[in-house]
Amino acid sequence: MNCLLGFFAIFLVVSMSAMASVPRCPILMHEVRPCLKFIQGSRSRAPSEDCCEGVFDIYKRVKNKLDRVAICSCIKKALSDVGPYNASRIPLIPKKCRLRIILPPIDRKFNCSKVKV
Ligand SMILES: *[C@@H]1O[C@H](CO)[C@@H](O)[C@H](O)[C@H]1NC(C)=O
Ligand SMILES: *[C@@H]1O[C@H](CO)[C@@H](O)[C@H](O)[C@H]1NC(C)=O
């Protein structure tokens, strides 16, 4: 009986954390990883091709504001443990990649629910 209760407790925790997270987040983190060099270093003039492709891949999948907020939260989380970086270089990525999308300057204090539609 105890064993069964334990099983259900674990099941509940697992399903709750699955609901709270964005399913595509690990994929997104992988895609934006090549962009780190650009936002961390003031010396790299342009983001790499891998970075541009990653950003393009992400934005192909964006359908609505909820997606944008989720992506923003994911990027924010990914950037929270990479050390210092220059957030004002993030909006430069789509510009340098010639993508007609907007990336906000996401830093630790950035409020992802304020992402533009
Ligand atoms: C951050 O990046 C912007 C845009 O490239 C640049 O103008 C600014 O000087 C950088 N800030 C720091 C602290 O490196
Ligand atoms: C972020 O913005 C939303 C909407 O404006 C607001 O409700 C929320 O309290 C803000 N969160 C933080 C942490 O500032």
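Conventions and cut-offs
- Residues numbered from 1 in each chain as written.
- Chains lettered and ligands numbered in written order.
- Predicted model: local features only at pLDDT ≥ 70, side-chain atom pairs only at ≥ 80, totals over all residues.
- Heavy atoms only, no water.
- Near = heavy atom within 4 Å.
- Polar contact = N/O pair within 3.5 Å; in protein donor to acceptor, adjacent residues only side chain to side chain.
- Areas by Shrake-Rupley, 256 points an atom, 1.4 Å probe, with all protein chains shown as cover.
- Helix = DSSP H or I, 4+ residues; strand = E, 2+ residues; numbered from the N terminus.
- Expected span 1.5 Å × (residues − 1).
- Buried < 20%, exposed > 50% of the residue type's maximum accessible area, 1.4 Å probe, protein only.
- Arc of directions from axis to C-beta.
- Contact = heavy atoms within 4.5 Å.
- Core = buried A, V, L, I, M, F, W, Y, C linked by side-chain atoms within 4.5 Å.
- Axes fitted to C-alpha atoms, helices over the stretch in contact; angles between N-to-C directions.
- Parallel < 35°, antiparallel > 145°, perpendicular 65-115°, else oblique.
- Left-handed = near helix turned anticlockwise from the far one by under 90°.
- pLDDT = per-residue confidence, 0-100.
- Nonpolar A, V, L, I, M, F, W, Y, C, P; charged D, E, K, R; others polar.

## Structural notes on the site of ligand 2
Surrounding ligand 2, one finds N111, S113 and K114. With respect to ligand 2, the side chain of N111 contributes an N or O atom lying 2.4 Å from an oxygen atom. With the chains in place, 26% of the 360 Å² that ligand 2 exposes on its own is no longer accessible.

## Side note on helix α4 (residues 49–60)
The periodicity of an α-helix, 3.6 residues per turn, causes residues three or four places apart in sequence to face the same way. Here α4 is twelve residues long and its end C-alpha atoms lie 16 Å apart, about the 16 Å a rise of 1.5 Å per residue gives. Of the positions making up α4, those classed as buried are C51, C52, G54, V55, I58 and Y59. Projected onto a plane normal to the axis of α4, the buried residues spread over an arc of 160° and lie on a single side. Turned more than 90 degrees from where α4 packs its buried face, E49, D50 and K60 sit exposed. Of the surrounding secondary structure, the elements contacted by the buried residues of α4 are α2 (25–32), α5 (65–79) and α6 (92–96).

## Focus on the environment of K77
By the element assignment, K77 lies in helix α5. Relative accessible area serves as the criterion here: at 52%, K77 is assigned to the exposed category.

## Quick word on the nonpolar core
I39, V55, L79, I90 and I93 are the most contacted members of the largest nonpolar core, which has 30 residues in total. Only α2, α3 (36–40), α4 and α5 provide two or more residues apiece to this core. Counting residues per element, this core draws most heavily on α5, which supplies six residues. Contacts of I93, omitting those with residues within four sequence positions, involve C35, F38, I39, P47, C51, V55 and L103.

## Observations concerning the packing of α2 against α5
Relative orientation of the contacting elements α2 and α5 amounts to 60°, with a least axis distance of 10 Å. Between α2 and α5, the interaxial angle falls into the category oblique. In terms of crossing hand, the pair formed by α2 and α5 is right-handed. Across from C25, L28, M29 and V32 in α2, the residues of α5 making contact are I71, C74, I75, K77 and A78.

## Here's the deal with the confidence of the model for the protein chain
With 79% of its residues at a pLDDT of at least 70, the protein chain reaches an overall mean of 81. A low-confidence stretch, residues 10–23 (pLDDT under 50), is modelled with one contact involving residues beyond four sequence positions or located in other chains.

## Some thoughts on the site of ligand 1
What surrounds ligand 1 is the set N86, S88, R89 and L92. Within the contact set of ligand 1, an oxygen atom lies 3.5 Å away from a side-chain nitrogen or oxygen of S88. The contact in question runs from an oxygen atom of ligand 1 to an N or O atom on the side chain of R89, over 3.2 Å. Class assignment of the residues belonging to the shell around ligand 1 gives a composition of one nonpolar, two polar and one charged.

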